[in-house]
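A look at the structure
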Amino acid sequence: SSDVCSSDLSDVFLEKPMARDPHEAQQIYEVQKRTGKKLMVFQPHRARPDTVTVKMLLDKGTLGDIYMIKRTWSTFFIRTNWQAYKANGGGTLNNHGAHFIDQMLYLSGGKAKNVSCELQKVAATGDADDCAKVMIKTDNGITLDIDMSMISTFDLTPWVIYGTRGTAMFTVNDKGKSVIRARYCDSDVELEKSMYHKTGTVNDKAEYPWNIVNLEIKDEYQINFYDKCYEYYALDQEPFVPVQDTLAVMDVLERCHEVTGEY
């Protein structure tokens with residue numbers, strides 16, 4: 001309430017999702033602004049080695065302008081606990097979507113412009129979804145395609161990144177190491193030149209000047225989230241997960257619920 005003094009409150013570290021809905025999240029944010037206390041939400045997927053590796057690739061500009069990132073999470077696990085029920089805030093969208101939506105918005109550097117979503121309950125014992133698909137079109141022109149399935153009997157390719165000069169995907173190299181493999185052209189000009197063929201029979205198997213690079217996903221790339229907590233709460237550095245980013249995740253989750261009519 002408004003009569004609570006900031007000296008009576010402590011800094012806060014929240015589990016994801018930040019709240020039950022954007023309205024409640026905004027209320028928390030307003031208290032944080034009024035009291036001046038620190039607030040951050042646990043979003044560890046942006047600290048994972050694969051996220052760091054993909055971000056390295058994006059920052060290098062190897063693939064040109066990025067127009068789509070596809071993130072797939074697949075496992076087989078029949079929910080029987082509290083997370084299988086809507087009344088408890090369960091479901092794949094709420095439990096895993098908060099992770100992957102944050103991860104993808106973080107990598108894209110954009111904000112959600114358009115959102116579409118599909119939810120299905122296939123094998124869970126409760127009434128909440130165990131299969132979710134979220135599509136986000138960002139304000140910087142990137143399509144974020146997020147597939148989350150708890151009922152897949154195969155481990156599907158977790159990452160595919162599409163750019164104007166090439167594509168990258170998660171795979172395994174000849175030494176059995178997990179890598180992000182990029183197949184790309186050095187420049188837009190080089191790619192454009194290769195598109196012009198001699199007159200005559202159309203050649204739909206033209207040789208393009210592809211380069212291939214493997215970026216190994218190394219364990220040492222893992223960012224220690226609790227080090228980031230220390231930097232923020234103890235050393236007054238910028239938060240690793242700004243509260244505005246968390247509010248953006250809450251907005252996408254709410255828009256997914258509105259589209260599907262599932263709460």
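Our subject is the structure listed above.
To keep things clear, this report deals only with the structure shown in the data block. If you're wondering where the values come from, they're calculated on a predicted model, not measured in any experiment. (Residues numbered from 1 in each chain as written. Predicted model: local features only at pLDDT ≥ 70, side-chain atom pairs only at ≥ 80, totals over all residues. Heavy atoms only, no water.)

Two strands pair when backbone bridges link them, and strand β7 (residues 159–163) and strand β8 (residues 166–172) are joined in this way by 4 bridges, in the antiparallel orientation. Note that in β8 the partner of G163 across the bridge is G166. Between β7 and β8, which pair antiparallel one after the other, the connecting turn spans 2 residues. Where β8 hands over to strand β9 (residues 178–184), the hairpin turn is made up of 5 residues, of which G176 adopts a positive phi near 80°. (Pairing = 2+ DSSP bridges. Helix = DSSP H or I, 4+ residues; strand = E, 2+ residues; numbered from the N terminus.)

What the rule picks out here adds up to 9 aromatic pairs. Plain terms: the ring middles of F42 and F225 are 5.1 Å apart, the flat faces sit at 80° to each other, and that makes the pair edge-to-face. You can see F42 sitting in the loop between β2 (39–41) and α2 (49–60) and its partner F225 sitting in helix α5 (residues 225–233), a full 183 residues away along the chain. Ring geometry for Y67 against Y162: centres 6.0 Å apart, planes inclined by 35°, an arrangement best described as tilted. (Phe/Tyr/Trp six-rings, centres within 6.5 Å; stacked < 30°, edge-to-face > 60°.)

Next up on the list: the sheet that holds β8. An order of β4-β5-β6-β3-β7-β8-β9-β10 is seen for the 8 strands of this open sheet, with the pairing classed as mixed. Looking at the sheet topology across the chains shown, the edges are occupied by β4 (112–120) and β10 (211–216). Strand-to-strand twist in this sheet, taken as the mean axis angle between neighbours without regard to direction, amounts to 15°. When strand β3 (residues 66–74) meets strand β6 (residues 143–149), the two strands line up parallel, connected through 7 bridges. Bridge pairing links K70 to D145 in β6. Strand contacts of helix α3 (residues 92–108): β3, β4, β5 (131–138), β6 and β7, with the helix running at about 150° to β6, the strand carrying the most contacts. (Axes fitted to C-alpha atoms, helices over the stretch in contact; angles between N-to-C directions. Contact = heavy atoms within 4.5 Å.)

Before going further, it helps to spend a moment on empty space enclosed by the protein. By the definition in use, this model includes 1 cavity of 30 Å³ or more. Roughly 30 Å³ of volume is contained in the largest cavity. If you go around the largest cavity, the residues you meet are R79, Q83, A84, G91, T92, A124, A128, D129, D130 and M150. Taken together, the residues of the lining of the largest cavity break down into 4 nonpolar, 3 polar and 3 charged. (1 Å grid on protein atoms, 1.4 Å probe; cavity = no way out; pocket = protein on both sides within 12 Å on 5 of 7 lines; lining within 4 Å. Points joined across faces, edges and corners; volume = space filled by probe spheres on them. Nonpolar A, V, L, I, M, F, W, Y, C, P; charged D, E, K, R; others polar.)

This part covers the layout of surface pockets. Once rolled over the atoms, a probe with the size of a water molecule shows which space is left empty. Of the voids in this model, the largest pocket is the one considered here, and its volume is about 500 Å³. Looking at the lining of the largest pocket, the elements with two or more residues in it are α3, β4 and α6 (243–260). For the lining of the largest pocket, the element with the most residues is α6, which contributes 4 residues. In terms of residue class, the lining of the largest pocket is made up of 10 nonpolar, 7 polar and 9 charged. Size it by volume and the second largest pocket reaches roughly 200 Å³. R48, R71, T72, W73 and P158 are, among the 13 residues lining the second largest pocket, the residues nearest its centre. Among the elements that make up the lining of the second largest pocket, the one with the highest residue count is β3 (4 residues). Residue classes in the lining of the second largest pocket are distributed as 5 nonpolar, 4 polar and 4 charged.

Every α-helix carries 3.6 residues per turn, so stepping three or four residues along brings you back to the same face. Its 12 residues place the ends of α2 17 Å apart at the C-alpha level, agreeing with the 16 Å of an ideal helix rising 1.5 Å per residue. Contacts made by the buried residues of α2 are with β3, α3, β7, β8, β9 and β10. G61 lies just past α2 and shows a positive phi near 75°. (Expected span 1.5 Å × (residues − 1).)

This part is about the pattern of salt bridges. Where charged atoms from two side chains of opposite charge approach closely, those side chains can pair. Under the defined criterion, the tally for this structure stands at 14 salt bridges. Salt-bridge contacts for D145 lead to K70; the nearest nitrogen and oxygen are separated by 3.3 Å. Taken together, the positions of D145 in strand β6 and K70 in strand β3 put the pair 75 residues apart, joining distant regions of the chain. When salt bridges that share partners are traced, they join K70, K133, D145 and D147 into one network. (Salt bridge = Lys/Arg side-chain N within 4 Å of Asp/Glu carboxyl O.)

With respect to the helices and strands, V179 occurs in strand β9. Residue V179 is classed as buried on the basis of its relative accessible area, which comes to 0%. Separated by 125 residues in the primary sequence, V179 and V54 have C-alpha atoms spaced 9.8 Å apart. For V179, the residues in contact, after removing those within four places along its chain, are M169, F170, T171, V172, N173, N214, L215, E216 and I217. (Buried < 20%, exposed > 50% of the residue type's maximum accessible area, 1.4 Å probe, protein only.)

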